[in-house]
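# Descriptive structure summary
These are the residues of each chain, in order.
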Amino acid sequence: MKVLKPIFDFYIESSIHVALAIYSLIRITFHELDLPYDEAVAYFGFYGTIVGYNFIKYDELARVKKVKLTPNFKAIIGLSFLAALASVYYFFQLQTITKAVGFVSLILTILYTLPFIPNKPNMRNWSGIKIYLVAIAWVLVTVLLPVINSKLEIDLWVVLKSLQRFILVFVLMLIFEIIDLKNDEHYLQTIPQKIGVKTTKKLTYLLLVLFVLLEFFKPNFINKDFIIVGLVAFCIGVFTFFATTQNSKYYTSFWVESVPFFWLLLLLVL
């Protein structure tokens, strides 16, 4: 266990886990919209997520706080560099218009991390905006990138699928905000800070109902897909119910972020 724990921590801290979650959601989009598997989109999303998330997490530590470069930190930097090369490689395999969407996602990441107004905090520290930025970025990468690169028409179902994906990421972020409540600065004005933990959980349950109901609008609706989405919503509901400020960091950084794996596994098995 002493040997495995550092490896597991590196897996989490280097953003490989969250990148696999993004990859899973892209694969789910291929399945739900009957799109052929697109390696360029899938791997651009995977490697780009490693780069983007590590930039968000560690930029301030390296640039402002001048944290000492430990072997683990150096390994994360090395991994991020290799991921950046891979993401550039797959970026140039995308359609031109898809590259524009990917570029917008990059700009959002930069603005989220670096202050672009003198003497003002970055967008991550703008009160109440973080959760919406993250949800929009995930929709761009996991729904719109596959759709646009495949030249699929953006019809009502694509719009509803984008809304469903936004709700998914939003409710997962609410669990993060509940657990981080005791550590978040008050000026961030997160939803649990504004309305309390109990009301936040009620909001999550309500959004999960909407998340499931949106599946009814799917063309050629079949019960199997509804059951799968219902199981995903139930899983998130359980995580929400047991979410407290006392949970360990692995509760969200591993278990909650494993929901996309669970969803993809259900699709592959069923």
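Before reading further, recall that the structure is shown in the block above.
Residues numbered from 1 in each chain as written. Predicted model: local features only at pLDDT ≥ 70, side-chain atom pairs only at ≥ 80, totals over all residues. Heavy atoms only, no water.

The next subject is unusual backbone geometry. We note that Asp-34 has phi near 55°; this positive angle belongs to a residue other than glycine. Its place among the elements puts Asp-34 in the loop between helix H2 (16–32) and helix H3 (39–63). Positive phi values are uncommon outside glycine, yet Lys-151 reaches one of about 60°. For Lys-151, a relative accessible area of 66% corresponds to the exposed category. (Helix = DSSP H or I, 4+ residues; strand = E, 2+ residues; numbered from the N terminus. Buried < 20%, exposed > 50% of the residue type's maximum accessible area, 1.4 Å probe, protein only.)

Here we come to the packing of helix H7 (residues 156–179) against helix H9 (residues 197–213). Packing of H7 against H9 leaves a shortest axis separation of 10 Å and a crossing angle of 160°. The angle between H7 and H9 places the two elements in the roughly antiparallel class. As H7 runs across H9, the sense of the crossing is left-handed. For the pair H7 and H9, contact is made by Gln-164, Ile-167, Leu-168, Phe-170, Val-171, Leu-174 and Ile-178 and by Val-197, Thr-200, Lys-201, Leu-203, Thr-204, Leu-207, Leu-208, Leu-210 and Phe-211, respectively. Residue classes in the contact of H7 with H9 are distributed as twelve nonpolar, three polar and one charged. (Axes fitted to C-alpha atoms, helices over the stretch in contact; angles between N-to-C directions. Parallel < 35°, antiparallel > 145°, perpendicular 65-115°, else oblique. Left-handed = near helix turned anticlockwise from the far one by under 90°. Contact = heavy atoms within 4.5 Å. Nonpolar A, V, L, I, M, F, W, Y, C, P; charged D, E, K, R; others polar.)

A word on the packing of aromatic side chains. The description of an aromatic ring pair rests on the distance of the ring centres and on the angle between the ring planes. Using the criterion set out here, one finds 19 aromatic pairs in the structure. Judged by centre distance (5.0 Å) and plane angle (85°), the ring pair of Phe-241 and Phe-242 falls under edge-to-face. Clustering of aromatic rings is evident, with ring pairs tying together Tyr-23, Tyr-43, Phe-46, Tyr-47, Tyr-89 and Tyr-90. The cationic tip of Lys-99 hangs over the ring face of Phe-91; the distance from NZ or CZ to the ring centre is 6.0 Å. (Phe/Tyr/Trp six-rings, centres within 6.5 Å; stacked < 30°, edge-to-face > 60°. Lys NZ or Arg CZ within 6 Å of the ring centre and 35° of its normal.)

Okay, the layout of surface pockets next. Think of a ball as big as a water molecule: rolled over the atoms, this probe shows where empty space is left. Computed from the structure, the second largest pocket encloses a volume of approximately 170 Å³. Together, His-31, Glu-32, Leu-33, Asp-34, Leu-152, Glu-153, Asp-155, Trp-157, Val-158, Lys-218, Pro-219 and Asn-220 line the second largest pocket. Contributions of two or more residues to the lining of the second largest pocket are made by H2 and H7. A class-by-class count of the residues in the lining of the second largest pocket yields five nonpolar, two polar and five charged. (1 Å grid on protein atoms, 1.4 Å probe; cavity = no way out; pocket = protein on both sides within 12 Å on 5 of 7 lines; lining within 4 Å. Points joined across faces, edges and corners; volume = space filled by probe spheres on them.)

So, about the nonpolar core. Within the largest apolar cluster, 70 residues are counted, with the highest numbers of intra-cluster contacts made by Trp-138, Leu-168, Ile-175, Phe-211, Ile-236, Val-259 and Trp-263. Those elements giving two or more residues to this core turn out to be H2, H3, helix H4 (71–91), helix H6 (130–149), H7, H9, helix H10 (223–241) and helix H12 (259–269). In terms of residues, this core owes the most to one element, H7, which gives 15 residues. Contact partners of Val-259, with chain neighbours within four places excluded, come to Leu-168, Leu-172, Val-232, Cys-235, Ile-236 and Phe-239. (Core = buried A, V, L, I, M, F, W, Y, C linked by side-chain atoms within 4.5 Å.)

Turning to the side chain of Ser-87, a few remarks are in order. Residue position: Ser-87 is located in helix H4. Since its relative accessible area comes to 8%, Ser-87 is described here as buried. Polar side-chain contacts of Ser-87 include one of 2.8 Å to the backbone oxygen of Ala-84. Ignoring any residue separated from it by four or fewer positions in sequence, one finds Ser-87 in contact with Phe-44, Tyr-47, Gly-48 and Val-51. (Polar contact = N/O pair within 3.5 Å; in protein donor to acceptor, adjacent residues only side chain to side chain.)

One way to put it is that H10 packs onto H12 with a least axis distance of 10 Å and a crossing angle of 155°. One finds that H10 runs roughly antiparallel with respect to H12. Seen from above, H10 lies across H12 with right-handed handedness. Facing Asp-225, Ile-228, Val-229, Leu-231, Val-232, Cys-235, Ile-236 and Phe-239 of H10, the residues of H12 in contact are Val-259, Phe-262, Trp-263, Leu-266 and Leu-267. When grouped by side-chain class, the residues that make up the contact of H10 with H12 number twelve nonpolar, no polar and one charged.

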